[in-house]
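Reading the structure
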Amino acid sequence: MTLAQAMDYCLVRGYIARKSKPSVKFWKNSWDFRDKIPKLLDEDKRADDWHTYDPEGDETSIVG
C-alpha cells in the first residue's frame, strides 16, 4: 500500500508504519499526523510497503 493509501485507510485510533521500518509509527490521532509527511525521506514517500495498524481495535473486537 502506498503512503497516501495508508493515510486514507488509517483509523483515528490507529497508526501507519512501513513493514521494513516497523518501529517508526505515525499515529493518526496526533495533531501533526499530516505535518510529519513532508519531512519523510523520498525513499519513504515512494515506498509501497506501508500498512495501517489498529491495536486498540484488535484488543476490543466486537466479534466474539
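As shown above, the structure is provided for reference.
Below is a short write-up of the structure. Here the structure is a predicted model, which is why all the values come from computation and not from measurement.

Thresholds, definitions, all that
Here, residues in each chain are numbered from 1, in the same order as that chain's written sequence. Local features in this predicted model are restricted to residues whose pLDDT is 70 or higher, and side-chain atom pairs enter the listing and the counts only when it is 80 or higher, whereas totals over whole chains, interfaces and linings include all residues. Remark: hydrogens and water are excluded; side-chain values derive from all non-hydrogen atoms of the structure. Runs of E in the DSSP output that reach at least two residues are strands. Runs of H or I that reach at least four are helices, and both are numbered from the N terminus. Whether a residue is buried, partly exposed or exposed follows from its accessible area with a 1.4 Å probe, protein chains only, as a fraction of its type maximum: under 20%, in between, or over 50%, in that order. For this analysis, residues touch if any pair of their heavy atoms sits within 4.5 Å. Here the Shrake-Rupley method, with its probe set to 1.4 Å, supplies the accessible areas, and only the displayed protein chains count as covering residues. When DSSP finds two or more bridges between a pair of strands, those strands are recorded as paired. What makes a nonpolar core is a set of buried Ala, Val, Leu, Ile, Met, Phe, Trp, Tyr and Cys residues whose side-chain atoms join them at distances within 4.5 Å. Salt bridges are counted wherever a side-chain nitrogen of Lys or Arg sits within 4 Å of a carboxyl oxygen of Asp or Glu.

Let's shift gears to the overall build of the protein. The secondary structure content of the protein amounts to three helices and three strands. In sequence order, the protein lays out its α and β elements as α-β-β-α-β-α. Here the protein holds 64 residues, and the buried ones make up 31% of them. When contacts within the protein are restricted to residue pairs at least 6 apart in sequence, long-range pairs at least 24 apart make up 59% of them. Taken as a whole, the protein presents about 4700 Å² of accessible surface, with 53% of it coming from carbon and sulfur.

Sheet faces and side chains relate simply in a regular strand, where the side chains alternate between the two faces. A two-sided burial pattern is seen for strand 1 (residues 15-18), the buried positions comprising Tyr15 and Ala17 on one face and Ile16 and Arg18 on the other. The sheet contact formed by strand 1 and strand 2 (residues 21-27) spans four bridges and is antiparallel. Pairing of Tyr15 across the sheet is with Trp27, part of strand 2. Connecting strand 1 to the antiparallel partner strand 2 that follows it, the hairpin turn spans two residues. Bridge count for strand 1 against strand 3 (residues 50-53) is four bridges, and the pairing is antiparallel. What sits directly across from Arg18, in strand 3, is Trp50.

Leu3, Ala6, Met7, Cys10, Ile16, Phe26, Phe33, Ile37, Leu40, Ala47 and Trp50 together form the largest nonpolar core, which totals 11 residues. With three residues, helix 1 (residues 3-9) is the single largest residue contributor to this core. Not counting the four nearest positions on each side in its chain, Cys10 is found in contact with Tyr15, Ile16, Lys28 and Thr52.

Once that is clear, we can look at the pattern of salt bridges. One pass over the full model with this rule turns up six salt bridges. Arg13 is the partner of Asp54 in a salt bridge, and the nearest nitrogen-oxygen pair spans 2.9 Å. Here Asp54 is found in the loop between strand 3 and helix 3 (55-59), whereas its partner Arg13 is found in the loop between helix 1 and strand 1, with 41 residues between them in sequence. The network of salt bridges with shared partners includes Arg18, Lys21, Glu43, Asp44 and Asp49.

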